[in-house]
Amino acid sequence: MNKKITELEPSTSRKRARDEDFEPESEDVDNSRSLSLEENLTFSDTLMALQMMRAQFPRIEKLYSSLKDRTQVDRDLESLQRDRLLRIFKLNSGQDDHAIMFIEDYINQIERVVRRMEEKKQKYLIVFEWFKLHVLQSKLATSIGHQELWSLLSLGGKVKEEHISQLITAGLLIRQLIDPNMYWFSIPNIGSVLKGLSQGRKELLSFLNRRKYKEMMLVSLEKKRLQFSPMDMRFHLRDLIGSGHLKTFQTPTGLVVRITKD
C-alpha cells in the first residue's frame, strides 16, 4: 500500500471546546506527553506504535514515520483489521491520506452521535445499531456500495432510505462524487481535523523553508506552536516525516529535521 497512514485519536488540543466530540480515552496522555519526540520517534511493533501514539498525540498520527519496515506495517494493519481491532478510512484531504482508528474509539464516536440525536428526538436511530452489528463487522474495506449497504442493514430490520440518510447526516458515510452509488466510510466531525492537517503541513514546511539550510534541531522544533492547526507540532512532524517531505539525521547534539521536498 503506497499511501499515507495516519491514526485518528481523541483530541486534547486547544480547540477542545469546539471539537468536544473527540474526548481523550487514555489515562496515559499526560505521562506520554512528557516524552520528547526524539525519545520515541520509532518503534519496533505496529500495535505498540499505535497504542503509544493513541496516548501521546491528539487525533491523528503518522504511522509510517514510527516504524522502519513499511511492508511489515501493511501486513500488521491487515491482520489487525481482520481481528476487528481497528478500521482504516480514506481521508478526503486531496492527497492519498488514510486514517487508522481503533474500533472501540470509533464505536464511542458513534454512540456520542446517537446521544446527540436522541436529545433532538430524531427518528430512525435504530440504524446505528444495525450499522455497528452488521456493517462494521462484515465490511472491512474503506468504501461500500449502496446495494451491499442496504443488504447488510436489512439483517437488522426493514431498511428505508431515511435510515441511510441518517448515517450520512451523522458523518459515518460520505457519498462518492464519481459514483453516487458508492460511499466512503467516515468519522463524525472529521472536517476540522482535515483542515488542521492541511494548514499545519503548509505552515511547518513554510517555516523550515525560510531557514537558511531548511533544517532545525528536532528538540527545538517540536516545542514550537503552530498558528493555523489545532494539532501540536509533534503530530505534524511525524506526518511530514512519514510522507517523506521531511527527513531526520543524527548529529553530535541530537536529531536534525530537514526538508527533502516542498
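As the structure is a prediction and not an experimental result, all values here were calculated from the model. (Residues numbered from 1 in each chain as written. Predicted model: local features only at pLDDT ≥ 70, side-chain atom pairs only at ≥ 80, totals over all residues. Heavy atoms only, no water.)

Draft legend 1. A look at the overall build of the protein. A count of helices and strands for the protein gives 10 helices and 10 strands. The buried share of the protein, taken over its 262 residues, is 52%. Considering only contacts in the protein between residues 6 or more positions apart, those separated by 24 or more positions represent 63%. Surface exposure of the protein reaches about 13100 Å², of which carbon and sulfur atoms provide 49%. (Helix = DSSP H or I, 4+ residues; strand = E, 2+ residues; numbered from the N terminus. Buried < 20%, exposed > 50% of the residue type's maximum accessible area, 1.4 Å probe, protein only. Contact = heavy atoms within 4.5 Å. Areas by Shrake-Rupley, 256 points an atom, 1.4 Å probe, with all protein chains shown as cover.)

Draft legend 2. Main features of the environment of Leu208. Position of Leu208 among the secondary structure elements: in helix H8 (residues 191–209). A sequence separation of 38 residues divides Leu208 from Leu246, and the C-alpha atoms of the two residues are 9.8 Å apart. If sequence neighbours within four positions are ignored, Leu208 has contacts with Lys214, Glu215, Met216, Leu221, Leu246, Val257 and Ile259.

Draft legend 3. Molecular detail of the sheet that holds strand E10 (residues 254–259). With antiparallel pairing, 3 strands are arranged side by side in an open sheet as E8-E10-E9. Sheet topology places strand E8 (215–217) and strand E9 (246–251) at the edges, where each strand pairs with a single neighbour. Neighbour-to-neighbour, the strand axes of the sheet open up by a mean angle of 25°, direction not taken into account. Examined bridge by bridge, E9 and E10 share 6 bridges and lie antiparallel to one another. Looking at the pairing, Thr248 lines up with Val257 of E10. Running over the sheet, H8 touches E8, E9 and E10 and is turned about 100° from E10. (Pairing = 2+ DSSP bridges. Axes fitted to C-alpha atoms, helices over the stretch in contact; angles between N-to-C directions.)

Draft legend 4. Looking closely at the sheet that holds strand E5 (residues 143–145). Spatial strand order, E5-E7-E6: 3 strands in an open sheet with antiparallel pairing. Taken across any chain shown, the strands that pair with only one partner, and hence form the sheet edges, are E5 and strand E6 (173–175). Strand-to-strand twist of the sheet, defined as the mean angle between neighbouring strand axes without regard to direction, takes the value 35°. Inspection of the sheet shows E5 paired to strand E7 (residues 182–185) by 3 bridges, in the antiparallel sense. The partner of Gly145 across the bridge, within E7, is Met182.

Draft legend 5. The confidence of the model for the protein, seen in detail. Across the protein, the average pLDDT comes to 79, with 72% of residues at or above 70. Averaged pLDDT values for the elements of the protein fall to 39 in helix H1 (residues 29–33) and rise to 98 in helix H6 (residues 146–153). For residues 10–35, every residue scores under 50 in pLDDT, and the model assigns this stretch 57 contacts once sequence neighbours within four places are set aside. In this model, residues 56–62 is a region of pLDDT below 50 whose contacts with residues beyond four sequence positions or in other chains number 53 contacts. (pLDDT = per-residue confidence, 0-100.)

Draft legend 6. Examining the nonpolar core more closely. Of all hydrophobic cores here, the largest spans 36 residues; its most connected members are Tyr106, Phe128, Phe131 and Leu153. For this core, the secondary structure elements donating two or more residues are strand E4 (97–102), helix H4 (103–119), helix H5 (126–135), H6, helix H7 (161–169), E7 and H8. Looking at this core element by element, the count peaks at 6 residues for H4. Those residues in contact with Phe131 that sit more than four places away from it in its chain are Tyr106, Ile110, Leu136, Leu153, Leu167, Leu172, Leu173 and Phe185. (Core = buried A, V, L, I, M, F, W, Y, C linked by side-chain atoms within 4.5 Å.)

Draft legend 7. Focus on the packing of H5 against H7. Closest axis-to-axis distance for the H5/H7 pair is 9 Å, and the angle between their directions is 75°. One finds that H5 runs roughly perpendicular with respect to H7. Only His163, Gln166 and Leu167 of H7 make contact with H5, whose side of the interface consists of Ile126, Val127, Phe128, Trp130 and Phe131. (Parallel < 35°, antiparallel > 145°, perpendicular 65-115°, else oblique.)

Draft legend 8. Geometry of the packing of aromatic side chains. A full pass over the atoms with the stated rule returns 2 aromatic pairs. Ring geometry for Phe131 versus Phe185: centroids 6.1 Å apart, planes at 50°, classification tilted. Note that Phe131 is positioned in helix H5 and Phe185 in strand E7, a separation of 54 residues in sequence. (Phe/Tyr/Trp six-rings, centres within 6.5 Å; stacked < 30°, edge-to-face > 60°.)

Draft legend 9. Molecular detail of the pattern of salt bridges. For the structure on display, the rule yields 6 salt bridges. Among the salt bridges present, the one from Asp232 reaches Arg234, with a minimum N-O distance of 3.4 Å. In the salt-bridge network here, residues are joined through shared partners; they are Glu111, Glu129 and Lys132. (Salt bridge = Lys/Arg side-chain N within 4 Å of Asp/Glu carboxyl O.)

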